[in-house]
Amino acid sequence: ICLKAQSVTSAIGAKQKIDFLEALLFQGFKILIPNQVLLELQGLSKSNLEAVLALKILSRKHFEELELKGKKTDTAIITYAKANPEVYIATPGC
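Residues numbered from 1 in each chain as written. Predicted model: local features only at pLDDT ≥ 70, side-chain atom pairs only at ≥ 80, totals over all residues. Heavy atoms only, no water.

K.L.:
Now, about helix α5 (residues 73-83): what can you tell me, with residues and values included?
P.N.:
Because an α-helix completes one turn every 3.6 residues, residues spaced three or four positions apart along the sequence face the same direction. Of the positions making up α5, those classed as buried are T73, A76, I77 and A81. An end-on view of α5 places all buried positions within 130 degrees of arc, on one side of the element. In this structure, α5 carries T79, K82 and A83 as exposed residues pointing more than 90 degrees from its buried face. (Buried < 20%, exposed > 50% of the residue type's maximum accessible area, 1.4 Å probe, protein only. Helix = DSSP H or I, 4+ residues; strand = E, 2+ residues; numbered from the N terminus. Arc of directions from axis to C-beta.)

As structure tokens, then:
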């Protein structure tokens with residue numbers, strides 16, 4: 001499962017009290033976090049508490065950093081998923 005920044009921060013928000021990363025790992029999914037997503041979360045963490053919490057949670061979980069090429073994160077994730085049909089993309093509201 002390839003996670004986007006919004007899927008990480010929205011699941012950590014005050015309305016959702018579940019540890020969705022733990023649930024995905026328990027079900028046998030391998031979690032991929034694109035390098036662009038980590039950079040985006042680091043930038044957001046300067047003014048966004050949810051991004052700070054997301055980075056803390058990600059630092060304790062087992063995930064694989066995915067090196068994607070391209071400047072536009074969404075386009076890079078879609079390109080990767082098309083080339084790897086076994087990959088699911090996690091976005092808010094999916």
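K.L.:
Can you lay out the nonpolar core for me, pointing to particular residues and giving the numbers?
P.N.:
L21, I31, I33, V37, L41, L58 and L68 are the most contacted members of the largest nonpolar core, which has 17 residues in total. When contributions to this core are tallied by element, the ones reaching two or more residues are α2 (20-26), β2 (32-34), α3 (35-44), α4 (49-60) and α5. (Core = buried A, V, L, I, M, F, W, Y, C linked by side-chain atoms within 4.5 Å.)

K.L.:
Can you lay out the pattern of salt bridges for me, pointing to particular residues and giving the numbers?
P.N.:
A full pass over the atoms with the stated rule returns one salt bridge. The residue E64 makes a salt bridge to K30 at a minimum N-O spacing of 3.3 Å. With E64 in strand β3 (residues 64-66) and K30 in the loop between α2 and β2, this pair connects stretches of sequence that are 34 residues apart. Judged by relative accessible area, which is 53%, K30 ranks as exposed. (Salt bridge = Lys/Arg side-chain N within 4 Å of Asp/Glu carboxyl O.)

K.L.:
A description of the packing of aromatic side chains should follow, citing residues and the corresponding values.
P.N.:
Taken as a whole and judged by the stated rule, the model has one aromatic pair. Summarising the aromatic geometry, the rings of F29 and Y88 are spaced 6.2 Å apart at their centres and angled 85 degrees between planes, so their arrangement reads as edge-to-face. Taken together, the positions of F29 in the loop between α2 and β2 and Y88 in the loop between α5 and β4 (89-90) put the pair 59 residues apart, joining distant regions of the chain. With relative accessibility at 53%, the residue Y88 sits in the exposed group. (Phe/Tyr/Trp six-rings, centres within 6.5 Å; stacked < 30°, edge-to-face > 60°.)

By themselves, these observations are geometric and do not establish any function.
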